[in-house]
Amino acid sequence: MITFFIATLFPEIFDGVLNSSMLFKAQDKQIVSFKIINIRDFGFGQRKQVDDTPYGGGDGMLLMVEPLYKTILYVKSLTTKKITTILPTPRGKTYLQSDANKLAEMDSDFLILCPRYEGYDERIINFVDKTYSIGNYVLTGGEIPAMVIVDSITRLLPGVLGGETSVINESFQLNDFTTEFPQYTRPEEFNGLVVPQVLLSGNHKKIAEWRNKQNDTSKNEL
Ligand code: SAM
């Protein structure tokens, strides 16, 4: 079983996503478990302060290094298993399917830190294993990136999708830039739009050839 520890200032954000559909089933089958940690528990003083103004001036507040560091130490004290600590940040490596594949194969639990505000004290980088950006845009916090990382890893774990579904033919498995072929289901005709004839032919060789030709490699240019 893989445990995902998720450290956040907004634990309630995760309820719906982690407790629905495949992520719920993966917990039910004891393939994964999710543990939400409140970073505020490691804040300073009565107000449990976790943020402060940036040295050198600038907009907004930063998450202080110490509450984040204490969060890491606390999580590491909970298990003897290896823990890979991930920090979502626009400054990290762009997160791709190949990263999800590698993380899913690791014999490791995961701790994902979710910064907020204008970000975090850079010194926390010394205590994390991986930094990922989930794309070239700015979100309000690390929670949505954490969900992206958890979801993309969990669905790759053996037993999660069930025998009838394979990830091998999915988008980005051939390489990080090639998508799956287009798919169709009933009805055969909708508002004059028809399903490609070859898919109705029953000829599996021809269907495979057609599908191979449809793989979208246009994203190679990104
Ligand atoms: N001031 C930061 C900047 O300009 O790069 C943005 C801070 S953002 C409002 C707060 C936090 O959300 C970030 O520190 C990071 O943890 C998370 N975040 C926002 N966008 C992200 C992205 N594209 N990928 C990964 N994490 C992101």
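Residues numbered from 1 in each chain as written. Predicted model: local features only at pLDDT ≥ 70, side-chain atom pairs only at ≥ 80, totals over all residues. Heavy atoms only, no water.

Q: Lay out the overall build of the chain with the relevant residues and their values.
A: When you go through the chain residue by residue, the secondary structure sums to six helices and nine strands. Total accessible area on the chain is roughly 13300 Å²; 52% of this is exposed by carbon and sulfur atoms. With 23 positive and 27 negative side-chain charges, the chain shows a spacing of 4 Å between the two charge centroids. (Helix = DSSP H or I, 4+ residues; strand = E, 2+ residues; numbered from the N terminus. Areas by Shrake-Rupley, 256 points an atom, 1.4 Å probe, with all protein chains shown as cover. Lys, Arg positive; Asp, Glu negative; His and termini not counted. Charge placed at Lys NZ, Arg CZ, Asp CG, Glu CD.)

Q: I'd like to hear about the site of the ligand, residue by residue, with values.
A: Close contacts around the ligand come from 19 residues, with Pro88, Glu118, Gly135, Tyr137 and Leu139 the closest. For the ligand, a nitrogen atom lies 3.0 Å from a polar atom in the backbone of Gly135. Within the backbone of Leu139, a nitrogen or oxygen atom sits 3.0 Å from a nitrogen atom of the ligand. For the ligand, whose free accessible area comes to 580 Å², the fraction covered by protein is 84%. When contributions to the shell around the ligand are tallied by element, the ones reaching two or more residues are β5 (83–94) and β7 (130–133). Tallying contributions element by element places β5 first for the shell around the ligand, with three residues. In terms of residue class, the shell around the ligand is built from eleven nonpolar, seven polar and one charged. (Near = heavy atom within 4 Å. Polar contact = N/O pair within 3.5 Å; in protein donor to acceptor, adjacent residues only side chain to side chain. Nonpolar A, V, L, I, M, F, W, Y, C, P; charged D, E, K, R; others polar.)

Q: Which residues make up the confidence of the model for the chain, and what values do they have?
A: Within the chain, residue pLDDT values average 95, and 95% of them lie at 70 or more. The spread of mean pLDDT over the elements of the chain runs between helix α6 (residues 204–214), the lowest at 93, and strand β6 (residues 109–113), the highest at 99. (pLDDT = per-residue confidence, 0-100.)

Q: Any details on the nonpolar core? Residues and values, ideally.
A: Core analysis: the biggest nonpolar cluster contains 30 residues, and Phe4, Tyr95 and Ile153 have the highest contact counts within it. Looking at this core, the elements that each hand over two or more residues are β1 (2–8), α2 (21–28), β2 (32–38), α4 (97–105), β6 and α5 (143–154). Filtering out sequence-adjacent residues up to four positions away, Tyr95 remains in contact with Ala100, Leu103, Tyr132, Ser133, Ile134, Val148, Ile149, Ser152 and Ile153. In this structure, Val50, Leu68, Ile83 and Ile124 belong to the second largest nonpolar core, which totals 19 residues. (Core = buried A, V, L, I, M, F, W, Y, C linked by side-chain atoms within 4.5 Å. Buried < 20%, exposed > 50% of the residue type's maximum accessible area, 1.4 Å probe, protein only. Contact = heavy atoms within 4.5 Å.)

Q: Help me get a handle on the domain arrangement of the chain, residues and values and all.
A: Each assigned domain of the chain is listed with its residue range as follows: domain 1 (2–154) and domain 2 (189–220). Between the C-alpha centres of domain 1 and domain 2 the distance comes to 40 Å. (Domains from an automatic or database assignment.)

Q: So what's going on with α5? Residues and values would help.
A: Helix length check: α5 (twelve residues) gives 16 Å between terminal C-alpha atoms against 16 Å at 1.5 Å per residue, within 8%. For α5, a buried count of nine out of twelve residues is recorded, marking the element as mostly surrounded by other parts of the structure. Looking only at α5, the buried set comprises Glu143, Pro145, Ala146, Met147, Ile149, Val150, Ser152, Ile153 and Thr154. (Expected span 1.5 Å × (residues − 1).)

Q: Before we move on, could you go through the pairing of β6 and cite the residues and values that matter?
A: Summarising burial for β6: five of the five residues are buried, a large majority. Every second residue of β6 is oriented toward a common face, with Asp109, Leu111 and Leu113 on one face and Phe110 and Ile112 on the other, all of them buried. Relative to β6, β1 runs parallel, the two sharing four bridges. Across the sheet, residue Phe5 finds its bridge partner in β6, namely Leu111. Pairing of β5 with β6 involves four bridges; the strand directions are parallel. Bridging across to β6, Thr85 finds its partner in Leu111. After leaving β5, the chain enters α4 and then returns to the sheet as β6, a path that is right-handed. (Pairing = 2+ DSSP bridges. Right-handed = clockwise from strand over helix to strand, strands pointing away.)

Q: Quick rundown of a nonpolar patch on the surface? Include the residues and the values.
A: Taken together, Tyr137, Leu139, Ile144 and Val148 make up a surface patch of nonpolar side chains, about 330 Å² in accessible area. By secondary structure assignment, the location of Leu139 is in the loop between β7 and α5. (Patch = residues over 30% accessible without salt bridge, like charges linked within 9 Å, V, L, I, M, F, W, Y side chains within 5 Å. Salt bridge = Lys/Arg side-chain N within 4 Å of Asp/Glu carboxyl O.)

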